[in-house]
Every structure is written in C-alpha cells, then in structure tokens.
Amino acid sequence: MGTRLRFTFWVKSAQALALALAVCFSLGATDASSRYNNLNHRLMCTCGCAEILGECNHVGCTSSAGELAELRAGIAGGKSDKEILASFVDKYGAVVLAAPTTHGFDLVAWIAPFAVFGAALMGTILLIRHWSLGKTQFTPEPPSPEMDALHDKIRRETGSDGGF
Amino acid sequence: MATFGSFALLIALALAAYNLLAGAIALRLLATGQPAPISPERLADTARRAGIAGFVAITAAAFALVWLVFTNDFSITYIMEHSNRALPGPYKFAALWSGQEGSLLLWAWLLGTYGFVLRLTHKYDVRLYAYAGTILAAVQVFFLAVVNFAAPPFALMKGAIPDDGNGLNPLLQYPEMVIHPPLLYLGYVGFTVPFAFALGALMMRYPGEKWIKITRLWTMVTWLFLTMGIFLGMHWAYAVLGWGGYWGWDPVENASFMPWLTGTAFLHSVMMQEKKGMMKSWNVWLIFATFLLTLLGTLLTRAGLVSSVHAFAQSSIGTWFVVFMGVVLAVCLFTYILQRSHLKVDNHLESLVSRESSFLFNNLVLLVACFVILWGTLFPVLSEFVVGNKVTVGAPFYNRVAVPIGLFLLFLTGVGPLLPWRATSLRSIRRNFVVPTIAVWATVIVCLAVGVRPWHDGAFDSGNFYALVAFAVSAGVMAAILSEFLRGAGVISRQTGRNLFAATWLLTRRNTRRYGGYIIHIGVVIVVIGLAGAAFNRSEEKELGLHDKLAIGPYTLECIGFTQDSNLNYNSEYAMLDVYKDGKKQFQMTPEKRVYLASQQPQTMVAIHSVLSWDLYVVYEGANPDTGQPIIKAIINPLVSWLWAGVAIIVFGTFVALVPSLTPATAALRVPATRPAPSEPAFKGGL
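The rules behind each value
In this convention, every chain numbers its residues from 1, walking through the sequence in written order. Chains carry letters and ligands carry numbers; both start at the beginning, A for chains and 1 for ligands, and go up in the order they are written. Under the rules for a predicted model, residues below a pLDDT of 70 receive no local features and side-chain atom pairs below 80 are neither given nor counted, while totals for whole chains, interfaces and linings still include all residues. Only hydrogens and water are removed before side-chain values are computed, so all heavy atoms of the structure are retained for them. Note on conventions: DSSP H or I runs of at least 4 residues are helices, E runs of at least 2 residues are strands, and numbering of each starts at the N terminus. Classification of residues uses two cut-offs on accessible area relative to the type maximum, computed with a 1.4 Å probe and protein chains only: under 20% is buried, over 50% is exposed, and between them is partly exposed. Contacts are assigned to residue pairs with any non-hydrogen atoms lying within 4.5 Å of each other. Both definitions apply: the radius of gyration is a C-alpha atom measure, and the globule rule equals 2.2 Å times residues to the power 0.38. All accessible areas in this document rest on Shrake-Rupley with a 1.4 Å probe, and a residue is counted as covered only by the protein chains that are shown. Asp and Glu are treated as the negative residues and Lys and Arg as the positive ones, with His and the ends of the chain left uncounted. Where a charge sits is defined by one atom per residue type, namely NZ (Lys), CZ (Arg), CG (Asp) or CD (Glu). At least two bridges found by DSSP between two strands is the condition for calling them paired. Helix axes are fitted only over the stretch in contact, all axes being lines through C-alpha atoms; the angle between N-to-C directions runs from 0 to 180 degrees. Salt bridges, as used here, are contacts in which a Lys or Arg side-chain nitrogen is within 4 Å of a carboxyl oxygen on Asp or Glu. A helix is expected to span 1.5 Å multiplied by its residue count minus one. The reported arc concerns the directions from the helix axis to the C-beta atoms and nothing else. Two rings from Phe, Tyr or Trp (for Trp, the six-membered ring) form a pair when their centres are within 6.5 Å of each other. A pair whose planes differ by under 30 degrees is stacked, one over 60 is edge-to-face, and the rest are tilted. For this text, the term disulfide refers to a pair of cysteine sulfurs within 2.5 Å. In this scheme, roughly parallel covers angles under 35 degrees and roughly antiparallel covers those over 145, while 65 to 115 is roughly perpendicular and the rest are oblique. Here is the rule for handedness: rotate from the far helix to the near one, and if that takes an anticlockwise turn smaller than a right angle the crossing is left-handed, while a clockwise turn gives right-handed. Asp, Glu, Lys and Arg are counted as charged, while Ala, Val, Leu, Ile, Met, Phe, Trp, Tyr, Cys and Pro are counted as nonpolar; the rest, among them Gly, fall into the polar class. Pairs of N or O atoms are called polar contacts if they sit within 3.5 Å, as long as, within protein, a hydrogen donor faces a hydrogen acceptor (for residues adjacent in sequence, only side-chain-to-side-chain pairs). Here, nonpolar core refers to any group of buried Ala, Val, Leu, Ile, Met, Phe, Trp, Tyr and Cys residues whose side-chain atoms link them within 4.5 Å.

Colleague: Report on the overall build of chain A, specifying residues and quantitative values.
Modeller: What chain A contains, in helices and strands, is six helices and zero strands. Reading the secondary structure of chain A in the N-to-C direction produces α-α-α-α-α-α. Buried positions account for 25% of the 164 residues belonging to chain A. Of the contacts formed within chain A by residues at least 6 apart in sequence, a portion of 41% connects residues at least 24 apart.

If you want it as structure tokens, here you go:
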C-alpha cells in the first residue's frame, strides 16, 4: 500500500510539473511578428548555392536579393504564409522550399524517420522482454556471512552498488 | 614523370591483383588442407610482400603527381585544371586532392599506407592478418582499377599546352584545406581496415573476441581522424563560405557524418561483445555498414548524385562505385549467411533498464540518426524517381527530425554510465540519478531566468526550446560524468591518501578506456552546448560609408576605410573596421573579398573575433551595385568557440582511451591467438 501511495505521489508530481511547464512555455505566446525571418528560413536561394534564402550572402548572388524582395512584397501585400510559399513554388518549383511539404509523397519524408524509430524502439523493447522472460530463473544463494562480507568489501572498494 | 606515374599505377594494380589472388589461393589451401606444389604459408607471404611493394608503387605515383604540380607541367590535364604557376606551395600540395583523379589516388595511397602498416605487423596474428590483407587487396584492386582506367590522374592534355593552369578552386585556398581532406580521407579509408578484419574473422570463423580488440584500436584511430576531419570541415565552412554557420546539412557533410555515426555505434557495441559475448551479428553488420557508407560518401562526393556545395569534382565514376558497393554487399551477405552459426551469442539481455540495454538503445538511436540523415540525403532522388518531382531536404527538415533524436542520444549518454550491468534496482536509480536530475532542473530554472525561453516575440520558438533542452540535458550528463569521476577518485583518495586531482589521474590511468570514454563524452557535451548557441544568433547588415557605424550586440563597428591589395594569385579589397565596446576601441577587423586571377572567381574571407561567449563574425559582401556603397554583414554567433574546445577534448579523450591501462586488462591483448585468452577477473572494474 505504501509503495502504491508513493508511486501515485510521483505520478501526480510529474503531472503537476508537466502542467507547470506547459503553462510556463505558453506564457506570452501570441501572434508571430517575425514572419519575414521565419519565411526566409523556409525557402532556398535558387542560384544553385544550396543555401537557405535568409542565410545566402555569397558574393555575386543573383537570386537572393530578388527573392527576398518578393517575400517582403508578399508580406506587405497581406498574403498568408501559405499563399506566399505557394507563389514561390509556382514560380521556382518545389525545390524552392527548404523542406518537403506535409502532403502527397512528401509526407513520406516526415513519417519514415519516426516510423523507423518507433518500430526499432518497439522491436528492441519486445526483444529484450522476450529474452528477459525466457531466461533461466536465477535463484540467489541464501545469504551467508562470507558473501555479505564480500559484498561489503566490494561496495567499500568500488564506492557503488554494482555499476561497472 | 607522367609516364613514370602511370607506369607506377599499373604496377601497383598488378601487385594488388597478385596480392588478392595469391592470398586467396593460399588461404583456401590452408583452410581445406589440400596439397599444393608450393607451401600455402610461402604463397601467403609472397602475397603480403606484394602488398608492401604495391604501397611503394602507389607512393611513387603520388610523388609523381605532386612533382608535376610543383613543376607546373600543364601538359597533364589534371595539373592544368587544378593548379597554376602563382599558386602558393601548400596549395599546390593540396591540388593532389582537389580534383577527382587526385583524390582517388590519395584514397589508394592511404589505403596502401594502412595496408603497409598492417602487413608489417602481421606477426601479431599471421592468419587473421593474411585474411585482412587479402581483403584490403581486393578493395585496393578496385580503387587502382578506377585510377588506371576511369579517372587517370596522368592523362595528357589534348591540343596546345597552355602556358598557365586554371588554378585551384578559391574555396579550397584556405589553410585548413591542406589538412581537412587528408584527415577526412584517413577516416574514410581507415574504416576499410576494421571491415577487413571483421570480414576476415567471419570467413575464417576466428575463435574468441581477439579480433574485436585488434579492430577496436584501428577503429578508434580511424574514428579520431574522421572526427577531426569533420570538425575541420565545419571550421572551414564557417570561415570560408561566409554564411555564418558551420553545418548546413549538405549531402556531402551528411555523407561524412553517416559512417561517423555507425562507427561510433560500433565502438560502443563492441564493449558488449567483449564483456558479455552479445551483439556479435550486430557488430559485424555495423562495421560492414560503416565501410559501405564510406563508399557511399565517396559516391555522393564524386558522382554528382545529389546537388552539393562540395561538388568540386563530379564525373561518371558513379557506376563503378555502385557496382563495387553491390559486390561488397553481396560478399558480406554471402559470408554472413554461410558463417552465421559462428556468431551465436553467449548471453542475452536480462533487463530493460541496465547498462547492457543502454548500450543497445544507444546503438539504436545512433543508427536511427544515420537512417534519418541517409533518408534526408537521398529523398530528393527518391521523390524524383517516384513522382517525378525533385524536392529540397534542407536544414528545417533535419532540425525537426534529427535534433530531437540527437537530444535523446545525449540523454542516453548521461543515463548509460549510471546504470549497473544486468539489472537495476530502484534504490540505485534513485541514488545515481539525484545529482544529474537536480542539475537538469537547476539549469532549466537558470536558463528561464536569464531569458533562454522557448518563445520569441510572443510565438513558440522551436530553436530556443531545443536549446533549452540541450543546455538542461547537457548539465545532467556533465553532472553524471563528473560524479562518476568523483566517486572513483574519492575511493582512491581514501585508499591511498592522494589528493583528489592525483586520485582522478590515477583513476583514469587505471582504466583509460572507460575514463577516456567519459572525457570524450564531456567533449560531446561541450560540443552540444556550442551547437545550442546557434539558436541565439543575431545578424545585422548595412551599407557602410566612411565613418558610418553598425551596432550589433555589445559591439559597434565603425568603418575607417576600404582599401585594395593584389598579388600574383588574387586581387583583394577589404574593409577596415574599428570595433568599439562600451565606448572604448577594442580591436580592428578586416573582412576581405578576393578575386582569384587564374579562375576569375570571387571569394569572401571572413573576419572573426572569438571569445568564450560568442564570435563576432564580419563579412564584406562587396559593393551595392545601385549605390556603390560597401555592404557589411555582422553576425553574433554565441558559443561557437565551445564547439572547437569540445573537439579538442574529444581528441584528448580518444588519446587517453588509446593508451593502455595500468590494470591487467591490456595483458589479454598480447596473448597469441593460438592460446585461449585468460579469463578476466570477475570484478575488473571497467569497460
């Protein structure tokens, strides 16, 4: 009973902490005011330098200044983020987006890593459980003064209870 | 000299082919016991000597190419395309690896060098080394075939011989470029050696785990080279590309990172095989995968499969590499299927929460990270193939997918050493995790208090959030590692009466592998803190006339002039900026823009002022074409110097781990293979 109570206490504490963090993290979260910076990091420079638009500053770039101007004009014209990105895709193709979209075949790019991670994690956990359940049950020897003395000696010398 | 070089390459190919054939026949005869007109041992020794002679031949070819560069022999296409008369000496040397043909020759030479060392030390275990040497010869045959027939470095110019060459790519004319590619190649090529040992040990059903111990040393050295190569590349990108960052998730950067991840996984999981007889198949496949990924990296760099800022040398040798990778995979699969019974494990994991399982999860996360990077790198090719639509997979993708995985890995780095072997009790978890947990939450509170908050301008900021998590987890991991040091040093201090510093030194020397590993982890934590600093970068860009000012962070930059300079290699113009802090002049910075005469290509030379807290990074972007005014971009990059400090610690830790311990553990390494290794003491006290 005592163990269960302690367990419940820790669970409740963790929940309270998570809630406090969520509140803390959401404090001050209002509408984005840095759309320009956000959007220029979601687009690529199209000059062939393979750099993010907002970070492209190589000498003699013929594309980034024009693209940034288009972006500013889009924001000033009251377009939504989605409309601005769509206009860039229409003009330059899908390669102008710095990351795959979240629809169509592009969605596979986002799903696959997490699916593989999840499957590998689950597979590993199940495998370890299978091994641990299937192992021969180990029956510890009854305590003896010699073994107790040995355990004490080991603990004294290693300063731990079994690490390494 | 060109004829000499070509001839040397042909001889090297012939010698490598002999090494492969004679070695394979000798090993087959030894394995089957068939009678033969020549003793298999003698045949194997001729194969080994052919390998050594092959190294001499490749060295001669590499020397010939360097000689031709230094003597400005522009009758050779490679020299004409990658050098010019005014190129400074060190960069002429770098021309050896600045193009495809030269870099493949470098690969072959480094492989020959590794093979040379391996064949000289063959008495350590003659038979295993004969297998490894023969497998190395097979890889060498491939690379020498490529440099002889597909990408010959000594090909002659067609038509009139020009008076001067095209010069070296300006991006490569930077001091680190003289050492970054060779180090990276030492890492790439070096993984061939553990691969050869693993495949050889599997082929011959090598008894015991001694091959793992031999391989581990080679792998650590190789891993060290690759680590240094990657970080030097990051520093080069930071100082030369001028965009203010050091890692852009470029396909070629990714290609170097993938074998690093699998190599790191291998270095961790071999401990499980050595200590517990577990993960044997896993380890073999890890090293196979690492070698295949080094080939993939070369394919990506050299074949133009994906677009990259590293596309210094592209050609059609991709087919050669794809075929070779297919052959390697087939050989690995065939050998594994044939000999898999030899890889039967001695033990299984017994608990989900134990040191063993932490190693397994660590490996899992490293491999998932590798998969994510491979997936992101090749997804544009896949997308084009499946739906005919090429997409970009850039930093935003990796930041969302790879960064959380990396943080989870960092978390495991801290948790693993705190867990005992076999199984964990709740009591030990509570005791071992108290200090790290306090460190984590104290860091969160301090970070929130000083303004590191996961929102920015009223919106959730994932960069800041990840930075906060990185700082907190780093603090926890650091606390865990330091408490491990302190616990061990405290015991020694009590037993010997030494002070804590001397006790820590003795503790480390008693188990260099374990504590060297911890030092490496400290370096990784420092690197992560440096990476997290990127979330707080600030930049300002302004046209600066004479005495105009630009303020950024605590600094004010005042333009005091623009000037020009020239030499035989390039013309340059640079800005002279006085930097003030708190109203007092601190130092001067001179960001530069160069135009190289031979290639007529422009290049930025960034000015960087580093302190522990941040870098002031200033780029001279050239003149505004409309106003004629020079444009200066200044960036504050927080904590960048931590990155380089972290790498130095990683390098130091690796050296420590390579030094034999004072404990009897290393004695097992010197036991000949024919005799069984003595069983290790039950409480040896370390990894």
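Colleague: Kindly report on the overall build of chain B, identifying the contributing residues and their values.
Modeller: Each helix and strand counted, chain B has 19 helices and twelve strands in total. The C-alpha atoms of chain B give 27 Å as radius of gyration, which agrees with the globular expectation for 687 residues (26 Å, within 12%). Projecting the C-alpha coordinates of chain B onto the three principal axes gives extents of approximately 85 × 80 × 60 Å. Within chain B, contacts between residues separated by at least 24 positions form 72% of all contacts whose residues are at least 6 apart in sequence. Carbon and sulfur atoms make up 65% of the accessible area of chain B, which amounts to about 27,500 Å² in all. Taken together, the 47 basic and 34 acidic charged side chains of chain B have centroids lying 19 Å from each other.

Colleague: Break down the pairing of strand 6 (residues 570–581) of chain B for me, with residues and values.
Modeller: For a regular strand, the rule is simple: side chains alternate between the two faces of the sheet. Residues and elements named next belong to chain B. Relative to strand 6, strand 5 (residues 555–566) runs antiparallel, the two sharing eleven bridges. Each bridged residue has a counterpart across the sheet, and for Leu 557 the counterpart in strand 6 is Val 579. Hairpin remark: strand 5 followed by strand 6, antiparallel, with three residues in the connecting loop. Pairing analysis gives five bridges linking strand 6 to strand 8 (residues 592–596), with the strands arranged antiparallel. For Ser 572, the partnering residue across the bridge sits in strand 8 and is Arg 594.

Colleague: Describe the sheet that holds strand 10 (residues 607–610) of chain B, and please don't skip the residues or the numbers.
Modeller: Residues and elements named next belong to chain B. The strand order 3-12-11-10 describes an open sheet built from four strands, whose pairing is antiparallel. In the strand order of this sheet, the two ends are held by strand 3 (538–543) and strand 10, each with one partner. Going across the sheet, the axis of each strand differs from the next one's by a mean of 15°, ignoring polarity. Of the strand pairs in this sheet, strand 11 (residues 614–623) and strand 12 (residues 630–638) are connected by nine bridges, and their pairing is antiparallel. Following the sheet pairing, Val 619 is matched in strand 12 by Lys 633.

Colleague: Requested: an account of the pattern of salt bridges, with residues and values cited.
Modeller: Residues and elements named next belong to chain B. Here the structure, examined in full by the defined rule, presents nine salt bridges over all chains. A salt bridge links Asp 45 to Arg 49; the shortest N-O distance between them is 2.9 Å. Highlighted residues: Asp 45 and Arg 49, both in helix 2 (residues 40–70), separated by four residues, approximately one helical turn. The shortest N-O distance in the salt bridge between Arg 487 and Glu 484 comes to 3.3 Å. Here Glu 484 and Arg 487 lie together in helix 16 (residues 462–496), a separation of three residues that amounts to about one turn.

Colleague: Describe the side chain of Arg 216 of chain B, and please don't skip the residues or the numbers.
Modeller: All names here are of chain B. In this structure, Arg 216 sits in helix 9 (residues 210–241). Of the buried charged residues, Arg 216 lacks a salt bridge, with Glu 274 as the closest side chain of opposite charge at 4.2 Å. Arg 216 has contacts with Leu 267, Val 270, Glu 274, Arg 513 and Ala 657, leaving out every residue within four places of it along the chain.

Colleague: Account for helix 12 (residues 318–339) of chain B, naming residues and giving values.
Modeller: All names here are of chain B. Given a rise of 1.5 Å per residue, 22 residues ought to cover 32 Å, and the 31 Å separating the end C-alpha atoms of helix 12 matches this to within 8%. Among all positions of helix 12, only Gly 318, Phe 321, Phe 324, Met 325, Val 328, Cys 332, Thr 335, Tyr 336 and Gln 339 are buried. The buried residues of helix 12 occupy an angular sector of 125° when projected down its axis, which confines them to one face. Across from the buried face of helix 12, at angles greater than 90 degrees, the exposed residues are Thr 319, Val 323, Phe 334, Ile 337 and Leu 338.

Colleague: Residue-level account of the environment of Gln 601 of chain B, with values.
Modeller: Residues and elements named next belong to chain B. Here Gln 601 is to be found in the loop between strand 8 and strand 9 (602–605). Look at Gln 601 and you get partly exposed, because its relative accessible area is 36%. In this structure the C-alpha to C-alpha distance between Gln 601 and Leu 171, which are 430 residues apart in sequence, comes to 9.4 Å. Setting aside residues no more than four positions away along its own chain, Gln 601 makes contact with Asn 169, Pro 170, Arg 594, Val 595 and Tyr 596.

Colleague: Before we move on, can you summarise the packing of aromatic side chains with the specific residues and values?
Modeller: Applying the stated rule across the entire model yields 44 aromatic pairs over all chains. When the ring of Phe 371 of chain B is compared with that of Trp 375 of chain B, the centres are 5.9 Å apart and the planes differ by 20°; the resulting orientation is stacked. Of this pair, Phe 371 of chain B and Trp 375 of chain B both sit in helix 13 (residues 355–387), four residues apart, roughly one helical turn. By relative accessible area, which is 24% here, Phe 371 of chain B ends up partly exposed. Members of the aromatic cluster, each reached through a chain of ring pairs, are Trp 110 of chain A together with Trp 223, Trp 247, Trp 249, Phe 257, Trp 260, Phe 397 and Tyr 398 of chain B.

Colleague: Explain the state of the cysteines to me, using residue names and the numbers behind them.
Modeller: Overall, the coordinates contain zero disulfides over all chains when judged by the stated rule. Between Cys 370 of chain B, a free cysteine, and Cys 332 of chain B, which holds the nearest cysteine sulfur, the sulfur-to-sulfur gap is 16 Å.

Colleague: So, unusual backbone geometry: which residues are in play, and what are the values?
Modeller: All names here are of chain B. Of note in the backbone geometry, Asp 582 takes a positive phi value of approximately 55° without being a glycine. With respect to the helices and strands, the residue Asp 582 is situated in the loop between strand 6 and strand 7 (584–589). Given a relative accessible area of 71%, Asp 582 falls into the exposed group. The phi dihedral of Leu 639 falls on the positive side, at around 65°, and the residue is not glycine. Mapped onto the secondary structure, Leu 639 falls in the loop between strand 12 and helix 19 (640–658). Exposure remark for Leu 639: the relative accessible area of 15% places this residue in the buried category.

Colleague: Summarise the packing of helix 5 (residues 100–120) of chain B against helix 9 of chain B; cite the residues concerned and give the values.
Modeller: Residues and elements named next belong to chain B. The N-to-C vectors of helix 5 and helix 9 enclose an angle of 155°; their axes lie 14 Å apart at closest approach. When the interaxial angle is binned, helix 5 and helix 9 end up roughly antiparallel. By crossing handedness, the relation of helix 5 to helix 9 is classed as right-handed. Judged by residue contacts, Tyr 114, Val 117 and Leu 118 of helix 5 engage Trp 218, Thr 222 and Phe 225 from helix 9. Each residue belonging to the contact of helix 5 with helix 9 can be placed in one class, and the counts come to five nonpolar, one polar and no charged.

Colleague: Explain helix 17 (residues 500–510) of chain B to me, using residue names and the numbers behind them.
Modeller: Residue and element names in this part refer to chain B. If you check which residues of helix 17 are buried, you get Ala 503, Leu 506, Leu 507 and Thr 508. Turning to helix 17, the residues buried within the fold contact helix 16, helix 18 (512–532) and helix 19. The opening residue of helix 17, the one whose side-chain oxygen lies 3.1 Å from the backbone nitrogen of Phe 501, is Asn 499.

Colleague: For the nonpolar core, give the residues involved together with the corresponding values.
Modeller: All names here are of chain B. Counting 158 residues, the largest nonpolar core has Phe 143, Leu 144, Phe 197, Phe 288, Leu 295 and Phe 397 as its most contacted members. The contact partners of Leu 295, leaving out residues within four places of it in the chain, are Trp 107, Phe 143, Phe 321, Phe 324, Met 325 and Val 328. Leu 410, Ala 472, Ile 492 and Leu 507 belong to the second largest nonpolar core, which has 32 residues in total.

Colleague: Requested: an account of the pairing of strand 9 of chain B, with residues and values cited.
Modeller: By the bridge criterion, four bridges tie strand 8 of chain B to strand 9 of chain B in an arrangement that is antiparallel. Pairing of Arg 594 of chain B across the sheet is with Gln 603 of chain B, part of strand 9 of chain B.

Colleague: Which residues make up the packing of helix 7 (residues 180–190) of chain B against helix 8 (residues 192–203) of chain B, and what values go with them?
Modeller: Residues and elements named next belong to chain B. Between helix 7 and helix 8, the shortest axis-to-axis distance is 5 Å and the interhelical angle comes to 5°. It follows from the interaxial angle that helix 7 and helix 8 lie roughly parallel. Listed contacts from helix 8 to Tyr 188, Val 189 and Gly 190 of helix 7 are Thr 192, Val 193 and Pro 194. By residue class, the composition of the contact of helix 7 with helix 8 is four nonpolar, two polar and no charged.

Functional significance is not addressed by these values, which are geometric in nature.
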